[in-house]
Structures are given as structure tokens and as C-alpha cells.
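# Structural features, examined
Each chain is listed here by its residues.
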Amino acid sequence: MKNNSESEELSRNVSELFSQNKISNGINNLSEYWPLPKNELDALEEKTIKYLNLIESRFGKSIGYLKVNEEKIADIAIRETYLVRYSMSAIRLKFTYYKSTKGWILNAFEWDDSFTEEFKNN
């Protein structure tokens, strides 16, 4: 990616796909910018689909997503945090980008169902 707006667009797009339970599409979009071996991406996708189906049955249907935080380290790293909202709770998506010699790459992606940390940032 050439700039921060492209990384933000990727984060928004993947968050939207997660909110629509289109996990495979979301992981596929990340794979273009994430230098992670295919077998690790496949394992992440399989685990995520399994758990998000459980989350939906427990927390209800998805009702959207929103960006809740952005952190920067000078002009070399950015972390964006989104919440995918469900009827009774939310999951947190964290995207970490690094400015490599070839442009911005996805350095890390993780999700969980704990967003209490985000209260500190508001």
C-alpha cells in the first residue's frame, strides 16, 4: 500500500466483511498485504469462521462496525482498532501496519471478544 488512507480502507473493508460474516473474503483481502504463509492464513480463517459462528449464536446478529482507535509510532507504524457490533456484545479487530521499504504492509491482525481496554482510549 502506498499510504495510510489505503491501509485505513483495507481495515474498513475487512471490518465490513467480518460484520457480514464473510470471513473468507476478509482474510483473502488481508493476504494481499500480509507476508504470512498460506497454511497460517488458512488456519486463522478456519479458526475464525468456527468461533464467529459461535459468537453469533451467543451474542446475536451483527449490527455493524465502527472504528474506535488509531495509534501511530512516528511515520513507521499504525494500529487501527475496530469493533464489530452484535445485538448483545462486540468483537474487537486490531490491524497493525508497518511502513516497509516497499510501502505499507500488514504486520499483524488479531481479533478477540474483549474490548474493555478500549475504555482507556476514550
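Going by the structure above, here's the rest.
Heads up: these notes are all about the structure in this document. Only a predicted model underlies this, so the values are computations on that prediction, with no experimental measurement involved. (Residues numbered from 1 in each chain as written. Predicted model: local features only at pLDDT ≥ 70, side-chain atom pairs only at ≥ 80, totals over all residues. Heavy atoms only, no water.)

## Points about helix α1 (residues 4-19)
In this model, α1 (16 residues) spans 22 Å end to end at C-alpha, consistent with the 22 Å of a helix rising 1.5 Å per residue. Every buried residue of α1 is accounted for by S7, L10, S11, V14, S15, L17, F18 and S19. Where α1 is buried, its residues touch α2 (23-31), α3 (38-59), β1 (62-73), β2 (77-86), β3 (90-100) and β4 (103-112). (Helix = DSSP H or I, 4+ residues; strand = E, 2+ residues; numbered from the N terminus. Expected span 1.5 Å × (residues − 1). Buried < 20%, exposed > 50% of the residue type's maximum accessible area, 1.4 Å probe, protein only. Contact = heavy atoms within 4.5 Å.)

## Digging into the packing of aromatic side chains
Think of a pair of aromatic rings as described by two things: how far the centres are apart, and how the planes are tilted against each other in angle. The final tally for this structure, using the stated rule, is five aromatic pairs. Geometrically, the ring pair formed by F95 and F109 is tilted, given 5.1 Å between the ring centres and 45° between the ring planes. Here the residue F95 occupies a position in strand β3, and F109 occupies one in strand β4, the gap between them amounting to 14 residues. Each of the two residues, F95 as well as F109, counts as buried. Chaining the aromatic ring pairs together yields one cluster made of F18, W34, Y65, Y82, F95 and F109. Between the NZ or CZ atom of K50 and the centre of the ring of Y51, over which it lies, the distance is 5.5 Å. (Phe/Tyr/Trp six-rings, centres within 6.5 Å; stacked < 30°, edge-to-face > 60°. Lys NZ or Arg CZ within 6 Å of the ring centre and 35° of its normal.)

## Quick word on the pattern of salt bridges
The tally for this structure, following the rule as stated, stands at nine salt bridges. For the salt bridge of R12 with E8, the shortest nitrogen-to-oxygen distance reads 3.7 Å. In this pair, R12 and E8 are both assigned in helix α1, four residues apart and thus about one turn of the helix distant. In this structure R12 comes out as partly exposed when scored by relative accessible area, which is 35%. A relative accessible area of 27% places E8 in the partly exposed class. Across the pair D112 and R92 runs a salt bridge, and its minimum N-O distance is 2.8 Å. You can see D112 sitting in strand β4 and its partner R92 sitting in strand β3, a full 20 residues away along the chain. Through salt bridges with shared partners, a single ionic network connects E8, R12, K67, E70, K72 and E80. (Salt bridge = Lys/Arg side-chain N within 4 Å of Asp/Glu carboxyl O.)

## A short note on empty space enclosed by the protein
All told, the structure shown has one cavity of 30 Å³ or more when counted by the stated rule. Within this model, the largest cavity holds a volume of roughly 30 Å³. For the largest cavity, the full set of lining residues is F18, S19, N21, L52, E56, S62 and Y86. Elements with a minimum of two residues in the lining of the largest cavity: α1 and α3. Its residues placed into classes, the lining of the largest cavity shows three nonpolar, three polar and one charged. (1 Å grid on protein atoms, 1.4 Å probe; cavity = no way out; pocket = protein on both sides within 12 Å on 5 of 7 lines; lining within 4 Å. Points joined across faces, edges and corners; volume = space filled by probe spheres on them. Nonpolar A, V, L, I, M, F, W, Y, C, P; charged D, E, K, R; others polar.)

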